[in-house]
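Okay, here's what each chain looks like letter by letter:
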Amino acid sequence: MPHNSFLREQCYIAGEWVGPTVSKDASTLIGVTNPATGDMLGKVPNFGRRETSQAIDMAQIAFEDWRRRTPDERAGFCMAMHDALMDNQATLGELLTLEMGKPFAEAKGEIAFGAGFFKWFAEEARRVYGDVVPSPWPDKKIIITKEPIGVVGAITPWNFPSAMIARKVAAAFAAGCSVVCKPASETPFSAFAFGVLADEIALPKGVLSVITGDPEPIADEMCENPKLRKVTFTGSTRVGKELASKASRHMKRISMELGGNAPLIIFDDADLDKAVDGAIACKFRNSGQTCVCANRIYVQSGIYDAFAKQLAEKVSTMMVGNGLGDGVEQGPLISDAAIQKVESHIADATERGAKVITGGARHNLGLTFFQPTILTDATSEMKIASEETFGPVAPLFKFETEEEVIKAANATEYGLASYCYTNDLGRAWRMTDSLDYGMVAINEGILSTPIAPFGGVKDSGQGREGSKYGLDDYINVKYALFGGLAK
């Protein structure tokens, strides 16, 4: 199969492919299965602190050269990575589908999305500007420069196993940082593919390493090793808080892109057809397994029944199956634990009065396939209102007034993404101002792009990825005072 050229079962450390025999700590291997079939795809090393420390040591050595490369040189490597990803888009998309399960079309889209970060930051690498500050002293000059922060530890999730690495690594490369990446154990092969591509573009050895293993000792080494200066993490709020606490004890810079509980608000004046299509794109992409998926759909009473009917009709026809099959729109969930959480949320909601109008059960394909589901009569007392489902379940909440829905939408500790459909321009601005979220989409169900800042507030994390702001967390600002300039 064509994906075998990228399916590597060794870690990539400073330009070398390293197996588990190099360390007594790596006594076991981690099996990786295809969630759509249950078949074993391969096994990867179960490394720990020792190997992570070795990777950090090599990254520090590489950093001393990499930081001194010109912005044009670093930009050239970023563009080369972009081109390599796009040249292998279909092959990498197939590999991603095999290990993660999302439909092939979505997987290819993820490869292109990730490549876009390398293109964007190739351009931004040339724009890390400093300042000359007007001096309060006649014989002195104040100069502000920006420098790369150092070695970066990147911990990435299984739901976007290629794009989340690209979003972090591209910014780090552009800033002049080297990276040690720890991907999710469920989806390591898309991460190792970056090692293959790094060799292809002749990236200097040590600028990128990819290591798999037990998350806790690897993260502990990243947080405690003085040579590593920044930890960037995408994942759950619980784990993010633990990492932030550990890293802060050693004064590491952190970027945390954590959980969400996104509201999608649909007013009576919205275009119903566009709102339904937006809800499907927003809720069911990647089978609902994204941090920016709509977790709560609030529909104003005047169109509630019509919206529910039209949404259910479209959702009921969605094709569920192996992501490599023609026309498949919904793949499997990542694990048994994921499907059990979906079932528990549906059970809790129906016990509290919600009605299932389509779906609601495991799919007859078995394994971790689940029927795309619509619930009506959802209320704030249900678990689904406060906990992130991370599955293909759309609960519909009815509301009457703008003030009411703003209060309900903001009644969560999370603040990542939010969505609103309305044709009232004044209302659109009011919602943008009132929604307590890092991102607001008006009349759109998809908002991620390399050129806009991605990130949240409250328990959804801190820092921003992508956009011109995405370099900030990889850079130190230095103040230089030049005195003795008078004759």
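Conventions we followed
Residues numbered from 1 in each chain as written. Predicted model: local features only at pLDDT ≥ 70, side-chain atom pairs only at ≥ 80, totals over all residues. Heavy atoms only, no water. Phe/Tyr/Trp six-rings, centres within 6.5 Å; stacked < 30°, edge-to-face > 60°. Lys NZ or Arg CZ within 6 Å of the ring centre and 35° of its normal. Axes fitted to C-alpha atoms, helices over the stretch in contact; angles between N-to-C directions. Helix = DSSP H or I, 4+ residues; strand = E, 2+ residues; numbered from the N terminus. Parallel < 35°, antiparallel > 145°, perpendicular 65-115°, else oblique. Contact = heavy atoms within 4.5 Å. Nonpolar A, V, L, I, M, F, W, Y, C, P; charged D, E, K, R; others polar. Expected span 1.5 Å × (residues − 1). Buried < 20%, exposed > 50% of the residue type's maximum accessible area, 1.4 Å probe, protein only. Pairing = 2+ DSSP bridges. Right-handed = clockwise from strand over helix to strand, strands pointing away. Salt bridge = Lys/Arg side-chain N within 4 Å of Asp/Glu carboxyl O. Core = buried A, V, L, I, M, F, W, Y, C linked by side-chain atoms within 4.5 Å. Polar contact = N/O pair within 3.5 Å; in protein donor to acceptor, adjacent residues only side chain to side chain. Patch = residues over 30% accessible without salt bridge, like charges linked within 9 Å, V, L, I, M, F, W, Y side chains within 5 Å. Areas by Shrake-Rupley, 256 points an atom, 1.4 Å probe, with all protein chains shown as cover.

Colleague: Where do I start with the packing of aromatic side chains in this structure?
Modeller: Two numbers describe a pair of aromatic rings. These are the distance of the centres and the angle of the planes. Scanning the entire structure with this criterion turns up 10 aromatic pairs. Taken together, the aromatic side chains of W66, F77, F118, F173 and F194 make up a single cluster linked through ring pairs. Sitting over the ring of Y474, K230 keeps its end group 4.7 Å from the ring centre. Sitting over the face of the ring of Y437, K458 holds its NZ or CZ atom 5.8 Å from the ring centroid.

Colleague: What exactly am I supposed to notice about the packing of helix 4 (residues 104–124) against helix 5 (residues 163–175) here?
Modeller: Geometrically, a packed helix pair is captured by the angle between its two axes and the distance between the axes. The interhelical angle for the contact between helix 4 and helix 5, taken along N-to-C directions, is 10 degrees, at an axis separation of 8 Å. Judged on the interaxial angle alone, helix 5 and helix 4 are roughly parallel. In this structure, helix 4 uses E110, F113, G114, F117, F118 and F121 to contact helix 5, whose residues at the interface are A163, A166, R167, V169, A170, A171, F173 and A174. Of the residues belonging to the contact of helix 4 with helix 5, the class tally is 11 nonpolar, 1 polar and 2 charged.

Colleague: Explanation requested: helix 2 (residues 71–87) in the structure shown.
Modeller: Every α-helix winds through 3.6 residues per turn, so residues three or four apart in the chain are directed the same way. Over its 17 residues, helix 2 extends 24 Å from the first C-alpha to the last, a length consistent with the 24 Å expected when each residue adds 1.5 Å. Restricting attention to buried positions, one finds in helix 2 the residues R74, A75, F77, C78, M81, H82, A84 and L85. Considering only its buried residues, helix 2 is in contact with helix 1 (49–66), helix 3 (89–100), helix 4, helix 5 and helix 6 (189–200).

Colleague: Help me understand the sheet that holds strand 20 (residues 475–482), please; the structure alone is not making it clear to me.
Modeller: For sheets, the rule is that strands pair by backbone hydrogen bonds, running either parallel or antiparallel. Spatial ordering of the open sheet is given by 5-6-20, a layout of 3 strands whose pairing is antiparallel. Edge positions in the open sheet fall to strand 5 (131–133) and strand 20, since each of these has one partner strand only. Pairwise comparison of adjacent strand axes, ignoring direction, gives a mean angle of 25 degrees for this sheet. In the sheet, strand 6 (residues 141–148) pairs with strand 20 via 8 bridges, with the strands oriented antiparallel. Looking across to strand 20, one finds that I144 is bridged to Y479.

Colleague: Looking at this structure, I do not really get the pairing of strand 7 (residues 151–155). What am I missing?
Modeller: Counting buried positions over the 5 residues of strand 7 gives 5, a clear majority of the element. Here strand 7 shows two buried faces, one formed by V151, G153 and I155 and the other by V152 and A154. Bridge count for strand 7 against strand 10 (residues 228–234) is 5 bridges, and the pairing is parallel. Residue pairing in the sheet places G153 in a bridge with V231 of strand 10. Judged from the 4 bridges that link them, strand 7 and strand 8 (residues 179–182) form a sheet pairing that is parallel. Following the sheet pairing, V152 is matched in strand 8 by V179. Between strand 7 and its parallel partner strand 8, the chain crosses via helix 5, and the hand of that crossover is right-handed.

Colleague: Can you walk me through the pairing of strand 6 in this structure?
Modeller: Two faces make up the sheet, and in a regular strand the side chains alternate between them. Across 3 bridges, strand 5 lies against strand 6 in antiparallel orientation. Within the sheet, the bridge partner assigned to V133 lies in strand 6 and is I142.

Colleague: Just checking my understanding: could you explain the pattern of salt bridges for this structure?
Modeller: A pair can form between side chains of opposite charge whenever their charged atoms are brought close. Taken as a whole and judged by the stated rule, the model has 28 salt bridges. Note that D139 and K140 form a salt bridge whose closest N and O atoms lie 3.2 Å from each other. Its relative accessible area of 24% is what places K140 among the partly exposed residues. One salt bridge in this structure joins E242 and R238, with 3.2 Å as the shortest N-O distance. One end of the pair is E242 and the other is R238, both in helix 8 (residues 237–248) and 4 residues apart, which spans about a single turn.

Colleague: Teacher, can you tell me more about the nonpolar core here?
Modeller: Where a protein is soluble and globular, its nonpolar side chains tend to be buried together. Ranked by size, the top nonpolar core spans 121 residues in total, and within it L85, F118, F173, L203, L208 and I265 carry the most contacts. By residue number, the principal contributor to this core is helix 5, which donates 11 residues. Membership of the second largest hydrophobic core comes to 33 residues, among which are V276, V299, Y419 and A441.

Colleague: Before we go on, may I ask you to explain the side chain of K283 in this structure?
Modeller: Tracing the backbone shows K283 in helix 9 (residues 272–284). Only 3.0 Å separates the side chain of K283 from the backbone oxygen of A294, close enough to count as a polar contact. Discounting residues that sit within four places of it in the chain, K283 has contacts with G288, C293, A294, N295, G391, V393 and A394.

Colleague: Quick question: what am I supposed to make of a nonpolar patch on the surface here?
Modeller: Where nonpolar side chains cluster on the molecular surface, the patch consists of W137, Y479 and L481 and spans about 320 Å² of accessible area. With respect to the element layout, W137 can be found in the loop between strand 5 and strand 6. For W137, a relative accessible area of 37% translates into the label partly exposed.

Colleague: Would you explain the environment of F397 in this entry?
Modeller: Mapped onto the fold, F397 is located in strand 16 (residues 393–399). What makes F397 buried here is its relative accessible area of 4%. Separated by 207 residues in the primary sequence, F397 and S190 place their C-alpha atoms 38 Å from one another.

Colleague: Before we go on, may I ask you to explain unusual backbone geometry in this structure?
Modeller: Negative phi values dominate among residues other than glycine, just as trans dominates among peptide bonds. The residue S287 is not glycine, and still its phi comes out positive at about 55 degrees. Structurally, S287 can be placed in the loop between helix 9 and strand 13 (294–300). Residue classification places S287 among the buried residues on the basis of a relative accessible area of 2%. Even without being a glycine, L367 presents a positive backbone phi close to 50 degrees. Assignment of secondary structure puts L367 in the loop between strand 14 (355–358) and strand 15 (373–376). Assessed through its relative accessible area of 43%, L367 is described here as partly exposed.

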